[in-house]
Amino acid sequence: MTLVQMQSRTTNATAVDRTVADAMDTAGPQVCDDMTVEVALSVMASARTRHLLVCDDSGLCTGLVTQSQLAAVRESPAYSDRVQLRDILGDRGPFTSPVTTMAEAGHMMRHSDVDALPVVDEYGSALGVLALAR
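**A few points about the pattern of salt bridges**
Overall, the coordinates contain two salt bridges when judged by the stated rule. Across the pair aspartate 33 and arginine 86 runs a salt bridge, and its minimum N-O distance is 2.9 Å. Of this pair, aspartate 33 sits in the loop between strand 2 (30-32) and helix 2 (37-47) while arginine 86 sits in helix 4 (residues 85-89), and the two are 53 residues apart along the sequence. Residue aspartate 33 is classed as buried on the basis of its relative accessible area of 10%. For glutamate 38, the salt bridge goes to arginine 74, with nearest N and O atoms at 3.5 Å. Pair noted here: glutamate 38 is in helix 2 and arginine 74 is in helix 3 (residues 67-75), with a separation of 36 residues, a long-range link. Relative accessible area serves as the criterion here: at 32%, glutamate 38 is assigned to the partly exposed category. Residue arginine 74 is classed as partly exposed on the basis of its relative accessible area of 35%.

This is how it looks when you write it as C-alpha cells:
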C-alpha cells in the first residue's frame, strides 16, 4: 500500500488573489531560436508537449511556439526545411511575470488570442508556462 499525503486547499481564496506563480507549469523543454521547425516538432513529439519555450543565444526567453503554429508553418507554401524558430516568432512576447494576478494574465491571454504564455523573471529568463486548461 502506498501512503499518499494530501494538502487541503483553502476555499476562501479567489482566482483574483492567485498569481501566475500559483498556476504555472514548470518551464519544460526550452530550445534555441536557431532550431528548425522540423527539429522543434520532433522535440515536441519526444517530450509529449504542445509547446516549447524559445530562447536566444544569451538564454533569454524570446517566445513560445505551439504545435499548431509549427504545423501551420510547415503547411505554408513558403515553407522550407531551413525555416528557424526565430523566423516565425516575430516580436517578443507576450510574456507574464510570476507576480501577475490570474485575472491580469487571463485578460492578457484573451487580448493576445493565445492559450499559453511564457512566465519570465525580471531578467527575461524562462521560469515556466501559464497554459489554459484543456
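**Here we look at the sheet that holds strand 6 (residues 126-131)**
In space, the three strands of this open sheet follow the order 1-6-5, with antiparallel pairing throughout. The sheet is open, and its two edges are formed by strand 1 (25-26) and strand 5 (116-120), each paired on a single side. Taken together, the five bridges between strand 5 and strand 6 define a ladder with antiparallel strand orientation. Its bridge partner lying in strand 6, proline 118 is registered against valine 129.

**Digging into the nonpolar core**
Val37, Val65, Leu70 and Leu85 are the most contacted members of the largest nonpolar core, which totals 15 residues. When contributions to this core are tallied by element, the ones reaching two or more residues are helix 2, strand 3 (51-55), helix 3 and helix 4. With four residues, the top contributor of residues to this core is helix 2.

**Some thoughts on unusual backbone geometry**
The phi angle at arginine 48 is positive, at roughly 55°, despite the residue not being glycine. As for its position among the elements, arginine 48 is in the loop between helix 2 and strand 3.

About the criteria used
Residues numbered from 1 in each chain as written. Predicted model: local features only at pLDDT ≥ 70, side-chain atom pairs only at ≥ 80, totals over all residues. Heavy atoms only, no water. Salt bridge = Lys/Arg side-chain N within 4 Å of Asp/Glu carboxyl O. Helix = DSSP H or I, 4+ residues; strand = E, 2+ residues; numbered from the N terminus. Buried < 20%, exposed > 50% of the residue type's maximum accessible area, 1.4 Å probe, protein only. Pairing = 2+ DSSP bridges. Core = buried A, V, L, I, M, F, W, Y, C linked by side-chain atoms within 4.5 Å.

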